[in-house]
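# Structural characterization, general
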Amino acid sequence: MKITFLGAARTVTGSCYLLEHNGCKFLVDCGMFQGNKALKNNNYVDFPFNPGDIDFVLLTHAHIDHSGLLPKLYKNGFKNPIYTSTASVALLEIMLPDSGYIQEQEVERKNRKLMRAGEHMLEPIYTAEDALATVPLCKGVRYGEEFSPAEGIKVVLQDAGHIFGSAMLEIFYEENGIQRKLVFTGDLGRKDQAIVRDPYPMQSADYMVMESTYGNRNHGGDAEKEIPIFAEVITKTVRRGGNVIIPAFAVDRTQDILYLLNEMQLNKMIPECTVYVDSPLAIKATEIFSRFPDYYDRMTAKLFKEEGRPPFVLKNLVYTASAAESQQLNSIKSGAIIISASGMADAGRIKHHLKHNLWRKECSVLFFGYQVEGTLGRRLIEGEKQVTIHGEEVEVKAEIYNMEGFSAHADHDEMLEWLHGFKHMPGRMFMTHGEEESTVSWAAEISEKFGVNAIAPEHGYCFDLATDAAGEAVVHPASIVHPEAAATAADAASDTARTLDAELLLEINADIQRVMASRDVDKLIRLRDYLRRIR
Ligand SMILES: [Zn+2]
Ligand SMILES: [Zn+2]
(Lines give C-alpha, C1' and ligand atoms only; values in the text may rest on other atoms or scores of the structure.)
(Ligands and ions follow the chains in the order given, each with its own letter.)
Protein backbone atom coordinates (compact mmCIF):
# COMPACT_ATOMS: atom_id res chain seq x y z
CA MET A 1 0.00 0.00 0.00
CA LYS A 2 1.34 3.38 -1.01
CA ILE A 3 0.11 6.55 0.62
CA THR A 4 0.60 10.11 -0.64
CA PHE A 5 -0.17 13.11 1.57
CA LEU A 6 -2.02 15.68 -0.51
CA GLY A 7 -3.52 17.92 2.16
CA ALA A 8 -3.60 18.66 5.89
CA ALA A 9 0.15 17.92 5.91
CA ARG A 10 1.68 20.29 8.46
CA THR A 11 -1.47 22.36 8.22
CA VAL A 12 -4.99 21.81 9.53
CA THR A 13 -7.17 21.95 6.45
CA GLY A 14 -7.40 20.27 3.04
CA SER A 15 -7.38 16.64 4.25
CA CYS A 16 -6.67 14.35 1.28
CA TYR A 17 -4.71 11.10 0.99
CA LEU A 18 -4.10 9.08 -2.16
CA LEU A 19 -3.79 5.33 -1.57
CA GLU A 20 -2.57 2.79 -4.11
CA HIS A 21 -2.76 -0.97 -3.68
CA ASN A 22 -2.54 -3.73 -6.31
CA GLY A 23 -3.58 -1.41 -9.13
CA CYS A 24 -6.45 0.09 -7.12
CA LYS A 25 -6.37 3.81 -6.40
CA PHE A 26 -8.54 5.50 -3.83
CA LEU A 27 -8.73 8.63 -1.72
CA VAL A 28 -9.37 9.13 1.94
CA ASP A 29 -11.10 12.53 2.20
CA CYS A 30 -10.96 15.25 -0.42
CA GLY A 31 -11.10 18.42 1.62
CA MET A 32 -10.89 22.09 0.93
CA PHE A 33 -7.99 24.26 2.13
CA GLN A 34 -9.15 27.06 4.41
CA GLY A 35 -7.38 29.94 6.12
CA ASN A 36 -4.98 32.38 4.49
CA LYS A 37 -4.90 33.17 0.79
CA ALA A 38 -1.90 31.01 -0.05
CA LEU A 39 -3.54 27.99 1.54
CA LYS A 40 -6.81 28.67 -0.25
CA ASN A 41 -4.94 28.92 -3.51
CA ASN A 42 -4.29 25.16 -3.31
CA ASN A 43 -7.99 24.70 -4.10
CA TYR A 44 -7.51 26.15 -7.57
CA VAL A 45 -4.57 23.96 -8.57
CA ASP A 46 -5.11 20.75 -10.57
CA PHE A 47 -5.10 17.48 -8.61
CA PRO A 48 -1.69 15.76 -8.95
CA PHE A 49 -3.51 12.62 -10.16
CA ASN A 50 -6.18 11.91 -12.73
CA PRO A 51 -9.58 12.02 -10.94
CA GLY A 52 -10.95 9.58 -13.54
CA ASP A 53 -8.46 6.95 -12.29
CA ILE A 54 -9.77 6.99 -8.71
CA ASP A 55 -11.80 3.84 -7.94
CA PHE A 56 -13.56 5.13 -4.83
CA VAL A 57 -13.35 7.63 -1.98
CA LEU A 58 -13.64 6.94 1.75
CA LEU A 59 -14.87 9.99 3.61
CA THR A 60 -14.37 10.42 7.36
CA HIS A 61 -16.92 13.20 7.90
CA ALA A 62 -18.87 16.01 6.31
CA HIS A 63 -16.74 19.00 7.42
CA ILE A 64 -15.70 20.99 4.35
CA ASP A 65 -11.98 20.69 5.13
CA HIS A 66 -12.51 16.93 4.53
CA SER A 67 -15.26 16.88 1.89
CA GLY A 68 -15.13 20.27 0.19
CA LEU A 69 -13.24 19.30 -2.97
CA LEU A 70 -15.40 16.26 -3.82
CA PRO A 71 -17.39 18.29 -6.39
CA LYS A 72 -14.09 19.41 -7.97
CA LEU A 73 -13.11 15.74 -8.18
CA TYR A 74 -16.46 14.98 -9.83
CA LYS A 75 -16.10 17.93 -12.21
CA ASN A 76 -12.71 16.60 -13.31
CA GLY A 77 -13.88 13.10 -14.17
CA PHE A 78 -14.46 11.11 -10.97
CA LYS A 79 -17.76 9.22 -11.19
CA ASN A 80 -17.28 6.35 -8.69
CA PRO A 81 -18.71 5.73 -5.18
CA ILE A 82 -17.95 7.86 -2.12
CA TYR A 83 -18.42 5.77 1.04
CA THR A 84 -19.27 7.50 4.30
CA SER A 85 -21.75 7.18 7.20
CA THR A 86 -25.46 7.47 6.45
CA ALA A 87 -25.76 10.66 8.53
CA SER A 88 -22.79 12.19 6.66
CA VAL A 89 -24.52 11.52 3.32
CA ALA A 90 -27.54 13.52 4.52
CA LEU A 91 -25.26 16.35 5.69
CA LEU A 92 -23.31 16.36 2.40
CA GLU A 93 -26.59 16.84 0.53
CA ILE A 94 -26.83 20.30 2.07
CA MET A 95 -23.19 21.16 2.71
CA LEU A 96 -21.70 20.54 -0.73
CA PRO A 97 -24.25 22.63 -2.69
CA ASP A 98 -23.82 25.38 -0.08
CA SER A 99 -20.06 25.27 -0.61
CA GLY A 100 -20.59 25.39 -4.40
CA TYR A 101 -22.74 28.45 -3.98
CA ILE A 102 -20.04 30.13 -1.85
CA GLN A 103 -17.42 29.37 -4.56
CA GLU A 104 -19.64 30.92 -7.21
CA GLN A 105 -20.23 34.05 -5.15
CA GLU A 106 -16.57 34.48 -4.26
CA VAL A 107 -15.50 34.27 -7.90
CA GLU A 108 -18.33 36.52 -9.03
CA ARG A 109 -17.11 39.19 -6.61
CA LYS A 110 -13.52 38.82 -7.81
CA ASN A 111 -14.59 38.84 -11.46
CA ARG A 112 -16.42 42.15 -11.10
CA LYS A 113 -13.12 43.72 -10.04
CA LEU A 114 -11.12 41.85 -12.67
CA MET A 115 -13.52 42.98 -15.39
CA ARG A 116 -13.13 46.62 -14.35
CA ALA A 117 -9.36 46.19 -14.43
CA GLY A 118 -9.58 44.63 -17.91
CA GLU A 119 -8.13 41.33 -16.68
CA HIS A 120 -9.36 37.90 -17.62
CA MET A 121 -11.92 36.20 -15.47
CA LEU A 122 -11.62 33.39 -12.95
CA GLU A 123 -13.74 30.25 -12.92
CA PRO A 124 -15.22 28.96 -9.66
CA ILE A 125 -13.57 25.82 -8.29
CA TYR A 126 -16.99 24.25 -8.77
CA THR A 127 -20.60 25.33 -8.81
CA ALA A 128 -23.65 24.39 -6.73
CA GLU A 129 -24.73 22.35 -9.74
CA ASP A 130 -21.47 20.32 -9.73
CA ALA A 131 -22.04 19.73 -6.02
CA LEU A 132 -25.61 18.53 -6.54
CA ALA A 133 -24.38 16.12 -9.21
CA THR A 134 -21.76 14.74 -6.77
CA VAL A 135 -24.27 13.85 -4.04
CA PRO A 136 -25.72 10.70 -5.76
CA LEU A 137 -22.20 9.18 -5.69
CA CYS A 138 -22.35 9.09 -1.88
CA LYS A 139 -23.18 5.71 -0.37
CA GLY A 140 -24.23 5.51 3.28
CA VAL A 141 -22.61 2.89 5.48
CA ARG A 142 -23.39 2.01 9.11
CA TYR A 143 -20.77 2.08 11.86
CA GLY A 144 -19.21 -1.32 12.55
CA GLU A 145 -20.36 -2.92 9.29
CA GLU A 146 -17.63 -4.35 7.08
CA PHE A 147 -17.83 -3.63 3.35
CA SER A 148 -15.52 -4.20 0.42
CA PRO A 149 -15.16 -1.23 -1.95
CA ALA A 150 -12.66 -3.13 -4.15
CA GLU A 151 -11.30 -6.64 -4.40
CA GLY A 152 -8.88 -7.38 -1.57
CA ILE A 153 -9.82 -4.28 0.44
CA LYS A 154 -12.24 -4.32 3.36
CA VAL A 155 -13.32 -1.26 5.30
CA VAL A 156 -15.10 -0.64 8.60
CA LEU A 157 -16.28 2.79 9.79
CA GLN A 158 -16.24 3.42 13.53
CA ASP A 159 -17.70 6.39 15.41
CA ALA A 160 -15.04 9.10 15.79
CA GLY A 161 -17.17 11.09 18.27
CA HIS A 162 -16.13 14.35 16.56
CA ILE A 163 -19.30 15.58 14.84
CA PHE A 164 -22.59 14.01 13.85
CA GLY A 165 -21.86 11.06 11.54
CA SER A 166 -18.05 11.36 11.87
CA ALA A 167 -16.03 8.19 11.40
CA MET A 168 -12.58 6.75 11.79
CA LEU A 169 -11.59 4.20 9.19
CA GLU A 170 -10.25 0.69 9.55
CA ILE A 171 -8.83 -0.49 6.21
CA PHE A 172 -7.92 -4.20 5.92
CA TYR A 173 -5.82 -5.57 3.06
CA GLU A 174 -3.22 -8.23 2.35
CA GLU A 175 0.38 -7.48 1.46
CA ASN A 176 3.10 -10.07 0.76
CA GLY A 177 0.79 -12.73 2.21
CA ILE A 178 0.28 -10.82 5.49
CA GLN A 179 -3.02 -9.27 6.66
CA ARG A 180 -2.57 -5.56 7.39
CA LYS A 181 -4.71 -2.95 9.06
CA LEU A 182 -4.40 0.74 8.28
CA VAL A 183 -6.34 3.19 10.45
CA PHE A 184 -7.30 6.80 9.75
CA THR A 185 -8.47 8.55 12.90
CA GLY A 186 -10.11 11.32 10.86
CA ASP A 187 -10.85 14.13 13.30
CA LEU A 188 -10.83 12.55 16.73
CA GLY A 189 -13.60 13.65 19.08
CA ARG A 190 -13.81 13.65 22.85
CA LYS A 191 -15.72 12.00 25.62
CA ASP A 192 -18.95 13.47 27.00
CA GLN A 193 -19.71 15.84 24.15
CA ALA A 194 -23.34 16.88 23.64
CA ILE A 195 -25.38 14.81 21.16
CA VAL A 196 -22.58 12.60 19.73
CA ARG A 197 -21.18 9.44 21.28
CA ASP A 198 -17.65 8.98 22.66
CA PRO A 199 -14.86 8.09 20.20
CA TYR A 200 -14.60 4.38 19.42
CA PRO A 201 -11.90 2.76 21.56
CA MET A 202 -9.60 1.46 18.82
CA GLN A 203 -7.25 -1.27 20.05
CA SER A 204 -5.08 -2.27 17.15
CA ALA A 205 -3.54 -1.12 13.90
CA ASP A 206 -0.41 -1.81 11.88
CA TYR A 207 -0.27 1.71 10.46
CA MET A 208 -2.12 4.83 11.45
CA VAL A 209 -2.70 8.33 10.12
CA MET A 210 -3.62 10.47 13.10
CA GLU A 211 -4.87 14.00 13.46
CA SER A 212 -2.84 16.49 15.56
CA THR A 213 -4.87 19.69 15.80
CA TYR A 214 -4.04 19.82 19.51
CA GLY A 215 -0.80 17.84 19.30
CA ASN A 216 1.12 20.33 21.42
CA ARG A 217 -1.45 21.67 23.86
CA ASN A 218 -4.54 21.10 25.91
CA HIS A 219 -7.83 22.91 25.75
CA GLY A 220 -7.79 26.03 27.90
CA GLY A 221 -10.92 24.90 29.71
CA ASP A 222 -13.40 22.12 29.91
CA ALA A 223 -17.04 22.13 28.90
CA GLU A 224 -18.35 21.37 32.40
CA LYS A 225 -16.62 24.44 33.85
CA GLU A 226 -17.47 26.66 30.89
CA ILE A 227 -21.23 26.09 30.96
CA PRO A 228 -21.61 28.37 34.03
CA ILE A 229 -19.33 30.94 32.33
CA PHE A 230 -21.47 30.75 29.20
CA ALA A 231 -24.63 31.27 31.32
CA GLU A 232 -23.04 34.19 33.17
CA VAL A 233 -21.96 35.92 29.93
CA ILE A 234 -25.52 35.65 28.58
CA THR A 235 -27.02 36.92 31.84
CA LYS A 236 -24.76 39.96 32.20
CA THR A 237 -24.90 40.86 28.51
CA VAL A 238 -28.71 40.79 28.50
CA ARG A 239 -28.82 42.81 31.77
CA ARG A 240 -26.56 45.55 30.40
CA GLY A 241 -28.66 45.83 27.24
CA GLY A 242 -26.48 44.04 24.69
CA ASN A 243 -26.71 41.11 22.32
CA VAL A 244 -24.83 37.84 22.45
CA ILE A 245 -23.26 37.00 19.10
CA ILE A 246 -22.08 33.45 18.48
CA PRO A 247 -20.18 32.63 15.29
CA ALA A 248 -20.73 28.90 14.87
CA PHE A 249 -20.30 26.26 12.22
CA ALA A 250 -23.77 25.59 10.86
CA VAL A 251 -23.41 21.87 11.19
CA ASP A 252 -22.91 20.29 14.58
CA ARG A 253 -21.58 23.25 16.52
CA THR A 254 -24.85 25.19 16.18
CA GLN A 255 -26.81 22.16 17.41
CA ASP A 256 -24.37 21.69 20.34
CA ILE A 257 -24.93 25.30 21.39
CA LEU A 258 -28.70 24.92 21.10
CA TYR A 259 -28.45 21.80 23.25
CA LEU A 260 -26.57 23.79 25.93
CA LEU A 261 -29.02 26.70 25.76
CA ASN A 262 -31.89 24.23 26.24
CA GLU A 263 -30.13 22.80 29.28
CA MET A 264 -29.47 26.28 30.73
CA GLN A 265 -33.08 27.31 30.16
CA LEU A 266 -34.46 24.19 31.81
CA ASN A 267 -32.19 24.82 34.82
CA LYS A 268 -33.11 28.53 34.90
CA MET A 269 -29.45 29.52 34.53
CA ILE A 270 -30.21 32.28 32.00
CA PRO A 271 -32.91 34.95 31.67
CA GLU A 272 -35.66 34.64 29.06
CA CYS A 273 -34.32 35.72 25.70
CA THR A 274 -34.95 34.89 22.09
CA VAL A 275 -32.47 32.65 20.32
CA TYR A 276 -32.03 33.35 16.61
CA VAL A 277 -30.43 30.84 14.29
CA ASP A 278 -29.45 32.94 11.32
CA SER A 279 -28.10 30.44 8.83
CA PRO A 280 -30.19 28.56 6.25
CA LEU A 281 -27.64 25.74 6.39
CA ALA A 282 -27.89 25.44 10.19
CA ILE A 283 -31.68 25.26 9.92
CA LYS A 284 -31.44 22.37 7.45
CA ALA A 285 -28.73 20.67 9.52
CA THR A 286 -30.88 20.83 12.66
CA GLU A 287 -33.66 19.12 10.70
CA ILE A 288 -31.22 16.36 9.61
CA PHE A 289 -30.03 15.86 13.19
CA SER A 290 -33.66 15.33 14.15
CA ARG A 291 -34.01 12.62 11.51
CA PHE A 292 -31.16 10.38 12.76
CA PRO A 293 -31.83 9.52 16.42
CA ASP A 294 -29.74 6.36 15.91
CA TYR A 295 -26.64 8.54 16.11
CA TYR A 296 -27.47 10.18 19.49
CA ASP A 297 -25.56 9.43 22.66
CA ARG A 298 -27.46 8.00 25.62
CA MET A 299 -28.35 11.37 27.21
CA THR A 300 -29.68 12.92 24.00
CA ALA A 301 -31.71 9.78 23.22
CA LYS A 302 -33.20 9.90 26.74
CA LEU A 303 -34.18 13.59 26.49
CA PHE A 304 -35.63 12.97 23.03
CA LYS A 305 -37.81 10.21 24.42
CA GLU A 306 -38.93 12.23 27.46
CA GLU A 307 -39.74 15.50 25.72
CA GLY A 308 -40.87 14.17 22.37
CA ARG A 309 -38.47 16.60 20.64
CA PRO A 310 -34.72 16.55 20.20
CA PRO A 311 -33.06 18.65 22.93
CA PHE A 312 -31.58 21.02 20.33
CA VAL A 313 -35.00 22.19 19.10
CA LEU A 314 -35.77 24.99 21.58
CA LYS A 315 -39.22 26.40 22.24
CA ASN A 316 -38.13 30.05 21.95
CA LEU A 317 -36.07 29.53 18.81
CA VAL A 318 -36.48 31.77 15.78
CA TYR A 319 -35.09 30.69 12.44
CA THR A 320 -34.24 33.42 9.96
CA ALA A 321 -33.95 31.83 6.57
CA SER A 322 -34.26 34.75 4.15
CA ALA A 323 -31.76 37.57 3.73
CA ALA A 324 -34.49 40.12 4.57
CA GLU A 325 -35.25 38.40 7.89
CA SER A 326 -31.54 38.27 8.60
CA GLN A 327 -31.16 42.01 7.99
CA GLN A 328 -33.99 42.74 10.42
CA LEU A 329 -31.78 41.33 13.18
CA ASN A 330 -29.46 44.31 12.67
CA SER A 331 -32.04 46.55 14.34
CA ILE A 332 -32.26 44.47 17.53
CA LYS A 333 -30.30 46.34 20.18
CA SER A 334 -30.59 44.02 23.15
CA GLY A 335 -31.68 40.69 24.56
CA ALA A 336 -30.94 38.55 21.54
CA ILE A 337 -28.71 35.52 21.19
CA ILE A 338 -27.72 35.34 17.54
CA ILE A 339 -26.05 32.17 16.26
CA SER A 340 -24.77 32.45 12.73
CA ALA A 341 -22.10 31.05 10.40
CA SER A 342 -19.29 30.87 9.59
CA GLY A 343 -17.70 29.67 12.80
CA MET A 344 -14.41 31.42 12.06
CA ALA A 345 -16.23 34.64 11.12
CA ASP A 346 -14.45 34.84 7.79
CA ALA A 347 -17.57 34.55 5.61
CA GLY A 348 -21.34 34.49 5.71
CA ARG A 349 -24.01 36.37 7.63
CA ILE A 350 -22.05 36.46 10.88
CA LYS A 351 -19.92 39.26 9.43
CA HIS A 352 -22.99 41.53 9.34
CA HIS A 353 -23.81 40.73 12.94
CA LEU A 354 -20.24 41.41 14.00
CA LYS A 355 -20.22 44.70 12.11
CA HIS A 356 -23.36 45.80 13.99
CA ASN A 357 -22.36 44.59 17.45
CA LEU A 358 -18.56 44.50 17.79
CA TRP A 359 -18.27 48.26 18.35
CA ARG A 360 -20.82 48.20 21.21
CA LYS A 361 -19.25 47.55 24.62
CA GLU A 362 -22.49 46.12 26.05
CA CYS A 363 -22.41 43.20 23.57
CA SER A 364 -20.52 39.90 23.81
CA VAL A 365 -19.07 37.61 21.17
CA LEU A 366 -18.38 33.97 21.98
CA PHE A 367 -16.26 31.62 19.88
CA PHE A 368 -16.78 27.89 20.33
CA GLY A 369 -14.46 26.33 17.79
CA TYR A 370 -10.89 26.21 16.56
CA GLN A 371 -9.92 29.46 14.81
CA VAL A 372 -7.57 28.90 11.89
CA GLU A 373 -4.67 31.31 11.40
CA GLY A 374 -5.53 34.29 9.25
CA THR A 375 -9.29 34.29 9.94
CA LEU A 376 -11.26 37.15 11.51
CA GLY A 377 -12.12 34.83 14.41
CA ARG A 378 -8.43 34.24 15.16
CA ARG A 379 -7.70 37.97 15.08
CA LEU A 380 -10.54 38.67 17.51
CA ILE A 381 -9.55 35.99 20.03
CA GLU A 382 -5.98 37.26 19.82
CA GLY A 383 -7.28 40.62 21.01
CA GLU A 384 -7.15 42.89 17.95
CA LYS A 385 -8.79 46.18 18.74
CA GLN A 386 -9.71 47.17 15.21
CA VAL A 387 -10.76 44.90 12.34
CA THR A 388 -11.95 45.37 8.79
CA ILE A 389 -15.32 43.92 7.86
CA HIS A 390 -16.62 44.32 4.30
CA GLY A 391 -14.03 47.03 3.73
CA GLU A 392 -15.13 49.02 6.80
CA GLU A 393 -12.99 49.65 9.88
CA VAL A 394 -14.77 48.41 12.99
CA GLU A 395 -13.59 49.07 16.55
CA VAL A 396 -13.70 46.07 18.86
CA LYS A 397 -15.38 47.10 22.11
CA ALA A 398 -17.60 44.10 22.75
CA GLU A 399 -16.32 41.44 25.14
CA ILE A 400 -14.72 38.53 23.28
CA TYR A 401 -14.72 35.01 24.76
CA ASN A 402 -12.95 31.95 23.47
CA MET A 403 -14.82 28.96 24.84
CA GLU A 404 -12.03 26.47 24.19
CA GLY A 405 -13.53 23.79 26.37
CA PHE A 406 -16.17 23.06 23.74
CA SER A 407 -13.78 21.98 21.03
CA ALA A 408 -14.94 18.95 19.01
CA HIS A 409 -11.30 17.77 18.86
CA ALA A 410 -9.55 15.65 21.46
CA ASP A 411 -6.71 17.69 22.97
CA HIS A 412 -3.16 16.54 23.68
CA ASP A 413 -3.96 14.58 26.88
CA GLU A 414 -7.19 13.15 25.48
CA MET A 415 -5.40 11.86 22.37
CA LEU A 416 -2.75 10.28 24.60
CA GLU A 417 -5.45 8.63 26.70
CA TRP A 418 -7.09 7.25 23.53
CA LEU A 419 -3.70 5.89 22.36
CA HIS A 420 -3.14 4.21 25.72
CA GLY A 421 -6.21 2.07 24.95
CA PHE A 422 -4.27 0.28 22.18
CA LYS A 423 -3.25 -3.31 22.77
CA HIS A 424 -1.37 -3.49 19.48
CA MET A 425 0.21 -0.13 18.69
CA PRO A 426 0.82 0.75 15.04
CA GLY A 427 4.48 0.39 14.06
CA ARG A 428 4.23 3.39 11.73
CA MET A 429 2.33 6.57 12.37
CA PHE A 430 1.79 9.69 10.31
CA MET A 431 0.74 12.84 12.10
CA THR A 432 -1.37 15.21 10.03
CA HIS A 433 -4.17 17.78 10.41
CA GLY A 434 -2.31 20.23 12.64
CA GLU A 435 -0.21 23.35 12.27
CA GLU A 436 3.48 22.67 11.68
CA GLU A 437 4.70 22.96 15.27
CA SER A 438 1.87 20.83 16.56
CA THR A 439 2.30 17.92 14.12
CA VAL A 440 6.10 17.87 14.45
CA SER A 441 6.17 17.90 18.24
CA TRP A 442 3.31 15.38 18.45
CA ALA A 443 5.18 12.97 16.15
CA ALA A 444 8.37 13.35 18.23
CA GLU A 445 6.51 12.82 21.49
CA ILE A 446 4.69 9.69 20.26
CA SER A 447 7.91 8.21 18.86
CA GLU A 448 9.56 8.65 22.22
CA LYS A 449 6.67 7.59 24.46
CA PHE A 450 5.52 4.53 22.52
CA GLY A 451 8.68 3.59 20.64
CA VAL A 452 6.91 3.75 17.28
CA ASN A 453 8.07 5.37 14.06
CA ALA A 454 5.96 8.51 13.96
CA ILE A 455 6.57 11.29 11.46
CA ALA A 456 4.88 14.51 10.34
CA PRO A 457 4.85 14.17 6.53
CA GLU A 458 5.13 17.23 4.32
CA HIS A 459 2.75 18.08 1.51
CA GLY A 460 3.23 15.75 -1.46
CA TYR A 461 5.22 13.20 0.57
CA CYS A 462 4.77 9.61 -0.57
CA PHE A 463 5.39 6.51 1.54
CA ASP A 464 5.32 2.82 0.66
CA LEU A 465 4.02 0.87 3.66
CA ALA A 466 5.16 -2.45 2.13
CA THR A 467 8.85 -1.47 1.94
CA ASP A 468 8.68 1.03 4.83
CA ALA A 469 10.38 3.64 2.66
CA ALA A 470 9.59 7.07 1.33
CA GLY A 471 8.86 7.23 -2.37
CA GLU A 472 9.31 10.07 -4.80
CA ALA A 473 7.46 13.14 -3.55
CA VAL A 474 4.61 14.42 -5.64
CA VAL A 475 5.09 18.15 -5.72
CA HIS A 476 1.88 20.07 -5.53
CA PRO A 477 2.66 23.43 -7.19
CA ALA A 478 0.94 25.72 -4.72
CA SER A 479 2.68 24.15 -1.77
CA ILE A 480 6.05 25.46 -2.91
CA VAL A 481 5.20 28.97 -1.87
CA HIS A 482 5.37 29.00 1.87
CA PRO A 483 1.93 30.12 3.06
CA GLU A 484 3.22 32.87 5.34
CA ALA A 485 5.62 34.29 2.76
CA ALA A 486 2.94 34.32 0.11
CA ALA A 487 0.42 35.89 2.44
CA THR A 488 2.83 38.65 3.44
CA ALA A 489 3.68 39.32 -0.19
CA ALA A 490 0.02 39.33 -1.11
CA ASP A 491 -0.89 41.66 1.76
CA ALA A 492 1.84 44.10 0.84
CA ALA A 493 0.61 44.31 -2.74
CA SER A 494 -1.52 47.20 -3.97
CA ASP A 495 -5.30 47.12 -3.87
CA THR A 496 -5.62 46.17 -7.52
CA ALA A 497 -3.07 43.44 -7.22
CA ARG A 498 -4.86 42.15 -4.15
CA THR A 499 -7.86 41.16 -6.21
CA LEU A 500 -5.60 39.18 -8.52
CA ASP A 501 -4.21 37.01 -5.76
CA ALA A 502 -5.35 33.65 -7.04
CA GLU A 503 -4.01 34.26 -10.53
CA LEU A 504 -0.85 35.95 -9.40
CA LEU A 505 -0.01 33.11 -7.06
CA LEU A 506 -0.63 30.58 -9.80
CA GLU A 507 1.79 32.44 -12.06
CA ILE A 508 4.45 32.65 -9.35
CA ASN A 509 3.99 28.98 -8.62
CA ALA A 510 4.32 28.03 -12.28
CA ASP A 511 7.55 30.05 -12.56
CA ILE A 512 9.02 28.50 -9.43
CA GLN A 513 7.96 25.10 -10.70
CA ARG A 514 9.85 25.67 -13.94
CA VAL A 515 13.03 26.63 -12.11
CA MET A 516 12.67 23.59 -9.85
CA ALA A 517 12.15 21.29 -12.81
CA SER A 518 15.26 22.65 -14.57
CA ARG A 519 17.40 21.16 -11.76
CA ASP A 520 19.85 23.98 -12.51
CA VAL A 521 21.70 24.47 -9.23
CA ASP A 522 22.75 28.04 -10.05
CA LYS A 523 19.22 29.10 -10.82
CA LEU A 524 17.91 27.32 -7.73
CA ILE A 525 20.39 29.10 -5.47
CA ARG A 526 19.49 32.45 -7.02
CA LEU A 527 15.80 31.71 -6.50
CA ARG A 528 16.37 30.73 -2.87
CA ASP A 529 18.39 33.86 -2.17
CA TYR A 530 15.84 36.07 -3.82
CA LEU A 531 12.98 34.55 -1.86
CA ARG A 532 14.92 34.97 1.37
CA ARG A 533 15.62 38.61 0.54
CA ILE A 534 12.01 39.56 -0.11
CA ARG A 535 10.70 37.63 2.89
ZN1 LIG B 1 -13.86 17.98 11.44
ZN1 LIG C 1 -10.83 18.61 10.10
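Described in the following lines is the structure provided in the data block. All of these numbers come straight from a predicted model, not from anything done at the bench.

### Considering the pattern of salt bridges
The tally for this structure, following the rule as stated, stands at 22 salt bridges. The residue Arg-528 makes a salt bridge to Asp-529 at a minimum N-O spacing of 3.2 Å. For Arg-528, a relative accessible area of 41% translates into the label partly exposed. Given a relative accessible area of 31%, Asp-529 falls into the partly exposed group. Look at the salt bridges and you will find they share partners, linking Lys-236, Arg-240 and Glu-399 into a network.

### Things to note about the coordination of the zinc ion (ligand 2)
Surrounding the zinc ion (ligand 2) are the protein donor atoms Asp-65 (OD), His-66 (NE2), Asp-187 (OD) and His-433 (NE2), at 2.2 to 2.4 Å. Donor residues for the zinc ion (ligand 2), ordered by position in the chain, follow D-H-x120-D-x245-H. Between the zinc ion (ligand 2) and the zinc ion (ligand 1) the interatomic distance amounts to 3.4 Å, and Asp-187 serves as a bridging ligand to the pair. Exposure remark for His-66: the relative accessible area of 1% places this residue in the buried category.

### Observations concerning the coordination of the zinc ion (ligand 1)
For the zinc ion (ligand 1), the full set of protein donor atoms is His-61 (NE2), His-63 (ND1), His-162 (NE2) and Asp-187 (OD), at a range of 2.1 to 2.3 Å. For the zinc ion (ligand 1), the four donor atoms in the first shell make angles of 92 to 163° at the metal, so the coordination geometry reads as irregular. The sequence motif formed by the donor residues of the zinc ion (ligand 1) is H-x1-H-x98-H-x24-D. Residue classification places His-61 among the buried positions, given a relative accessible area of 1%. Look at His-63 and you get buried, because its relative accessible area is 16%.

### Considering the sheet that holds strand β14 (residues 317–319)
In space, the six strands of this open sheet follow the order β14-β13-β15-β12-β16-β19, with parallel pairing throughout. Two strands in the sheet have a free side with no partner beyond their single neighbour: β14 and β19 (399–402). Averaged over all pairs of adjacent strands, the angle between strand axes in this sheet comes to 20°, irrespective of strand direction. Here strand β13 (residues 274–278) pairs with strand β15 (residues 336–340) via five bridges, running parallel. Residue pairing across strands places Thr-274 opposite Ala-336, the latter belonging to β15. The strands touched by helix α11 (residues 350–357) are β12 (244–247), β13, β15 and β16 (364–367); relative to β12, the strand with the most contacts, the crossing angle is about 150°.

### Describing the nonpolar core
Counting 108 residues, the largest nonpolar core has Ile-171, Phe-230 and Leu-261 as its most contacted members. For this core, the leading source of residues is helix α4 (residues 86–116), giving eight residues. Setting aside anything within four residues of it in sequence, one finds Phe-230 in contact with Ile-246, Ile-257, Leu-260, Leu-261, Met-264, Leu-366, Phe-368 and Met-403. Met-168, Trp-418, Phe-422 and Met-425 belong to the second largest nonpolar core, which has 23 residues in total.

### Overview of the state of the cysteines
Considering all chains together, one arrives at zero disulfides under this definition. Among the cysteines around Cys-462, which has no disulfide bond, Cys-16 carries the closest sulfur, lying 13 Å off.

### Quick notes on the environment of Leu-182
Here Leu-182 lies in strand β10 (residues 178–184). Residue Leu-182 is classed as buried on the basis of its relative accessible area of 1%. Placed 23 residues apart in sequence, Leu-182 and Ala-205 show a C-alpha to C-alpha distance of 6.0 Å. With near-sequence residues (within four places) excluded, Leu-182 lies in contact with Met-1, Leu-19, Leu-169, Glu-170, Ile-171, Tyr-173, Tyr-207, Met-208 and Leu-465.

### Here's the deal with a positive patch on the surface
There is a patch of like positive charges on the surface, built from Lys-40, Arg-109, Lys-113 and Arg-116. With three residues, α4 is the single largest residue contributor to the positive patch. Residue placement: Arg-109 occurs in helix α4. According to the relative accessible area criterion, Arg-109 is partly exposed, its value standing at 47%.

Scoring rules and cut-offs
- Residues numbered from 1 in each chain as written.
- Chains lettered and ligands numbered in written order.
- Predicted model: local features only at pLDDT ≥ 70, side-chain atom pairs only at ≥ 80, totals over all residues.
- Heavy atoms only, no water.
- Salt bridge = Lys/Arg side-chain N within 4 Å of Asp/Glu carboxyl O.
- Buried < 20%, exposed > 50% of the residue type's maximum accessible area, 1.4 Å probe, protein only.
- Donors = N, O, S within 2.8 Å, 3.2 Å for Na, K, Ca; no water.
- Tetrahedral: all angles 85-135°; square planar, octahedral: opposite > 155°, others 65-115°.
- Pairing = 2+ DSSP bridges.
- Helix = DSSP H or I, 4+ residues; strand = E, 2+ residues; numbered from the N terminus.
- Axes fitted to C-alpha atoms, helices over the stretch in contact; angles between N-to-C directions.
- Contact = heavy atoms within 4.5 Å.
- Core = buried A, V, L, I, M, F, W, Y, C linked by side-chain atoms within 4.5 Å.
- Disulfide = S-S within 2.5 Å.
- Patch = residues over 30% accessible without salt bridge, like charges linked within 9 Å, V, L, I, M, F, W, Y side chains within 5 Å.
- Areas by Shrake-Rupley, 256 points an atom, 1.4 Å probe, with all protein chains shown as cover.
- Lys, Arg positive; Asp, Glu negative; His and termini not counted.
- Charge placed at Lys NZ, Arg CZ, Asp CG, Glu CD.

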